[in-house]
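Structural description and commentary
One letter stands for each residue in the lines below.
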There are 2 protein chains.
Amino acid sequence: MRLFDACLSRVQPLSNLYSDLAQKRLDSQIRPARSLGMLEEMVAKLAAIQEKERPSIERKCVYVFAGDHGITEENVSCYPREVTPQMVYSFLAGKATINVLARAARAGVKVIDMGVDHDFPRWDDLIIKKVGYGTANFMRGPAMSEEACRRAMETGIALAMEAKREGIELAATGDMGIGNTTPSSAVIAAITGKSPREVTGRGTGIDDEGLRRKIEVIEKALEVNQSLLTDPVRVLQAVGGYEHAGIAGFVLGCAAEKIPVIVDGLVSSAGALVALELHPHIKEYVLWGHRSFERGHDAVITRYQGRAILDLDMRLGEGSGACLSMQILDTAVKIYNEVATFEEARVATRKILEEKNV
Amino acid sequence: MRLFDACLSRVQPLSNLYSDLAQKRLDSQIRPARSLGMLEEMVAKLAAIQEKERPSIERKCVYVFAGDHGITEENVSCYPREVTPQMVYSFLAGKATINVLARAARAGVKVIDMGVDHDFPRWDDLIIKKVGYGTANFMRGPAMSEEACRRAMETGIALAMEAKREGIELAATGDMGIGNTTPSSAVIAAITGKSPREVTGRGTGIDDEGLRRKIEVIEKALEVNQSLLTDPVRVLQAVGGYEHAGIAGFVLGCAAEKIPVIVDGLVSSAGALVALELHPHIKEYVLWGHRSFERGHDAVITRYQGRAILDLDMRLGEGSGACLSMQILDTAVKIYNEVATFEEARVATRKILEEKNV
């Protein structure tokens, strides 16, 4: 895992230098000090990550990691797994929710086939990095091999490096994969030590009976794979998914490359959790786009003393909450760049009065 | 108060007809049912208010009501009252936070001089409706006369009627007035019955000693004006401000004209509170843009079982939180209009596959 180790060794703690400079400028603008709350904190954080007094997030992209899951055999979702490739096609056609959100945020969308059970034709913005045709059913053993897990994580790392080369200034994670809230809750339970009941929700909208079954499936899976649940990467291999591994690698890579990365809801956060556990400073590069309605998401955010930008009861995935929050970040940066200082405002007022001969 | 009574009598309860149609379309789009949470609820609400299956919020405007306050004699703010006209000039010059937010939301900004202690030259987008040169110090008696309060409210109503004629599809309230969190908290305490301590915060950023004084001022003001605190409009007259009265009238007018109106933070909510108390259905036309960091705001939102769109510890006023939330609403409407239905997605996928000869 040479790429992985090299990447991990490059993660650095943020310096206060640029965040202090940014806050100083914010404090000089015409409003009571700190009256924009989290908007100011976010600008200061972007400045620190980008190591610039004036952060820029013009170039934005959401990375949607897609995969299928053997665990769907256990009837844990409302939808059949054929929906995963169908949704990928909708992303490629620009017709899904994430496409609308990305256009609104002026962000690109890249879809990564991490392991969908379907062969896609070549297509712009579809990056085929297939590790397999869906994971194995982790009720009967690990979801993937050590080698597959490594490859999937390295794909995520490589994408972050590529993003840096392409000049991406703000990244977001997204996911697509029928059944993928089940591995998400399993990964979160295994890493945080919370019970499956505490961190498992209804996903696409299963009923009470379905939820009971889903929790049982996770409980059994954690038992079956117990010997592997010794460290975060092993947990990922045992009860995660290819898209979770891709997201874990991508978040790690963004931290190494100093790209601010917005993590979306439950699925993205389960992937990010693996990365966050690997290094104490990775969390400094992460923004939490929204607080999902899906049970279990809070357990990840609070573990890192995070606070989500939005809290709108969304539970779609695709990167939707992360992408929506980009508009808030964009506006925070605009405020930072465009609002007058007290001195500039005096000059502007004088100009108005002169023009009116007052 | 003929305009006032006529307006009140025109407020109608929302029908479910258009919100049900909107929800039906949302349910047909390619994602799990109701997975966009509040975004879907907001679209359905806009449809109900506008009485259209496809709501449109292309034409947006934020109305910033400005006034001065006699209570500033009691040293309740960090800033001298000269800052009120200075900030109005900054709004006119397009240099303040609200201007940046409005540009980001593609919304207009109108500033209404409800009673600033300054004579402004004529200027585009400054609407001079001066009721006085600041209110009286309400520690010594009512802040304004019955006649002044009525005029200020009718100004707000007239602005809503004008907005309708101009085709404004989404309105937001904002405020500017040094010292105006003090009347806001006084109005909220008097109407909700909560103690001044529970609903009074630091405003522009006063220290512990200042906060103690501010609470005392409000306690005394409520005592001095006790005989007037019999109904919401009297409360407004006794311990409110001209901008609060303008906002109260504007919210009432928006409900009568069926214009969805986003209420901003503490000051706007204190004004809106007066309107909301007058008629049980006005709340159906109101959206709460954000949950302010300023103490007292929650008391208003929860009184009407509301939920704010954003919660970012903002406490600026100017309409800033309301204006920022416009982008979320805009995006919700875009999703509603642009995301494919399951049937449309099938067609799009077929097209991709044919193009690729798969």
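So, a few notes on the structure that sits alongside this text. (Residues numbered from 1 in each chain as written. Chains lettered and ligands numbered in written order. Predicted model: local features only at pLDDT ≥ 70, side-chain atom pairs only at ≥ 80, totals over all residues. Heavy atoms only, no water.)

1. Observations concerning the overall build of chain A
Of regular secondary structure, chain A possesses 15 helices and 6 strands. On C-alpha atoms alone, chain A measures out to a radius of gyration of 21 Å, which is about the 21 Å that the 2.2 N^0.38 rule sets for 358 residues. By sequence separation, contacts in chain A at least 24 residues apart represent 76% of the contacts at least 6 residues apart. In the structure as shown, chain A presents an accessible area of about 13000 Å², 47% of it carried by carbon and sulfur atoms. Averaging the coordinates of the 44 positive side-chain charges in chain A and doing the same for the 48 negative ones gives two points 4 Å apart. (Helix = DSSP H or I, 4+ residues; strand = E, 2+ residues; numbered from the N terminus. Rg over C-alpha atoms; globule rule 2.2 N^0.38 Å. Contact = heavy atoms within 4.5 Å. Areas by Shrake-Rupley, 256 points an atom, 1.4 Å probe, with all protein chains shown as cover. Lys, Arg positive; Asp, Glu negative; His and termini not counted. Charge placed at Lys NZ, Arg CZ, Asp CG, Glu CD.)

2. Observations regarding the interface of chain B and chain A
The figure often quoted for interface size is the accessible area lost as the parts come together. Each side of the interface is counted separately: chain B has 55 residues, and chain A has 55 residues. Across the chain B/chain A interface, buried area totals approximately 4900 Å², and carbon plus sulfur atoms make up 68% of it. Our count for the contact surface shared by chain B and chain A stands at 6 salt bridges. Across the salt bridge formed by R307 of chain B and D313 of chain A, the nearest N and O atoms sit 2.7 Å from each other. Elements represented by at least two residues in the side of chain B that touches chain A include exactly α3 (38-50), α4 (83-92), α5 (97-104), α13 (320-338) and α14 (342-355) of chain B. Sorting elements by how many residues they give to the side of chain B that touches chain A places α13 of chain B first, with 7 residues. Tallied by class, residues from the side of chain B that touches chain A come to 32 nonpolar, 9 polar and 14 charged. (Buried area = accessible area lost by both parts, 1.4 Å probe. Salt bridge = Lys/Arg side-chain N within 4 Å of Asp/Glu carboxyl O. Nonpolar A, V, L, I, M, F, W, Y, C, P; charged D, E, K, R; others polar.)

3. Examining unusual backbone geometry
Residues and elements named next belong to chain A. Look at D125: it is not a glycine, yet its phi comes out positive at around 65°. Unlike most non-glycine residues, E318 shows phi in positive territory, near 70°. Along the chain, E318 falls in the loop between α13 (297-303) and α14 (320-338). Classification of E318 as buried rests on a relative accessible area of 2%. (Buried < 20%, exposed > 50% of the residue type's maximum accessible area, 1.4 Å probe, protein only.)

4. Focus: the packing of helix α7 (residues 181-192) of chain B against helix α11 (residues 266-278) of chain B
All names here are of chain B. Running from amino to carboxyl end, α7 crosses α11 at an angle of 35°, the nearest separation of the two axes being 8 Å. In this structure, α7 meets α11 at a crossing whose hand is left-handed. In this structure, α7 uses T181, S184, S185, V187, I188, I191 and T192 to contact α11, whose residues at the interface are L266, V267, A270, L273, V274 and E277. (Axes fitted to C-alpha atoms, helices over the stretch in contact; angles between N-to-C directions. Left-handed = near helix turned anticlockwise from the far one by under 90°.)

5. Here's the deal with the pattern of salt bridges
Inspection of the entire model under this criterion finds 51 salt bridges over all chains. Across the pair R291 of chain A and D311 of chain A runs a salt bridge, and its minimum N-O distance is 3.3 Å. In this pair, R291 of chain A is assigned in the loop between β6 (286-288) and α13 and D311 of chain A in the loop between α13 and α14, connecting sequence segments 20 residues apart. Looking at R291 of chain A, the relative accessible area reads 34%, which means it is partly exposed. Ionic pairing is found between R10 of chain B and E257 of chain B, a salt bridge with its closest N-O pair at 3.2 Å. Residue R10 of chain B is found in helix α1 (residues 2-10), and its partner E257 of chain B is found in helix α10 (residues 242-257); the two are separated by 247 residues along the sequence. Residue classification places R10 of chain B among the partly exposed positions, given a relative accessible area of 36%. Residues participating in the shared-partner salt-bridge network are R291, D298, D311 and D313 of chain A together with R307 of chain B.

6. Side note on the environment of A48 of chain A
All names here are of chain A. Following the sequence through the fold, A48 ends up in helix α3 (residues 38-50). Judged by its relative accessible area of 6%, A48 is buried. Taking the C-alpha atoms as reference points, A48 and P260, 212 residues apart in sequence, are found 9.7 Å from one another. Setting aside chain neighbours within four positions, we find A48 in contact with L14, S15, Y18 and S19.

7. Focus: helix α11 (residues 242-257) of chain A
Residues and elements named next belong to chain A. Taking 1.5 Å as the rise per residue, α11 with 16 residues should run 22 Å; its terminal C-alpha atoms sit 22 Å apart, in good agreement. Within α11, 16 of the 16 residues are buried, which leaves it mostly tucked inside the rest of the structure. One or two positions beyond α11, positive phi appears at K258, with a value near 60°. (Expected span 1.5 Å × (residues − 1).)

8. So, the relation of the copies chain B and chain A
Mapping chain B onto chain A is achieved by rotating through 180° and translating by 0.0 Å along the same axis, at an RMSD of 0.0 Å. Such a combination of turn and shift is consistent with a two-fold rotation axis. By C-alpha distance to the rotation axis, the residue of chain B lying nearest is L310 of chain B, at 3.2 Å. When the interface residues of chain B are mapped onto chain A, 100% of them again lie at the interface, so the same face is used by both copies. (Least-squares fit on C-alpha atoms with pLDDT ≥ 70 in both.)

9. A few points about the packing of aromatic side chains
For any two aromatic rings, the description comes down to two numbers: the centre-to-centre distance and the angle of the planes. For the structure shown, the criterion picks out 6 aromatic pairs over all chains. Here F65 of chain A and F250 of chain A contribute two aromatic rings whose centre-to-centre distance is 5.8 Å and whose plane-to-plane angle is 55°, an arrangement assigned as tilted. In this pair, F65 of chain A sits in strand β1 (residues 60-67) while F250 of chain A sits in helix α11, placing the two residues 185 residues apart along the sequence. Residues F65 of chain A and F250 of chain A agree in their burial class; the two are buried. One aromatic cluster is present, formed by Y63, F65 and F250 of chain A through successive ring pairs. Seen from the ring of Y336 of chain B, R54 of chain B lies directly overhead, with NZ or CZ sitting 5.8 Å from the centre. (Phe/Tyr/Trp six-rings, centres within 6.5 Å; stacked < 30°, edge-to-face > 60°. Lys NZ or Arg CZ within 6 Å of the ring centre and 35° of its normal.)

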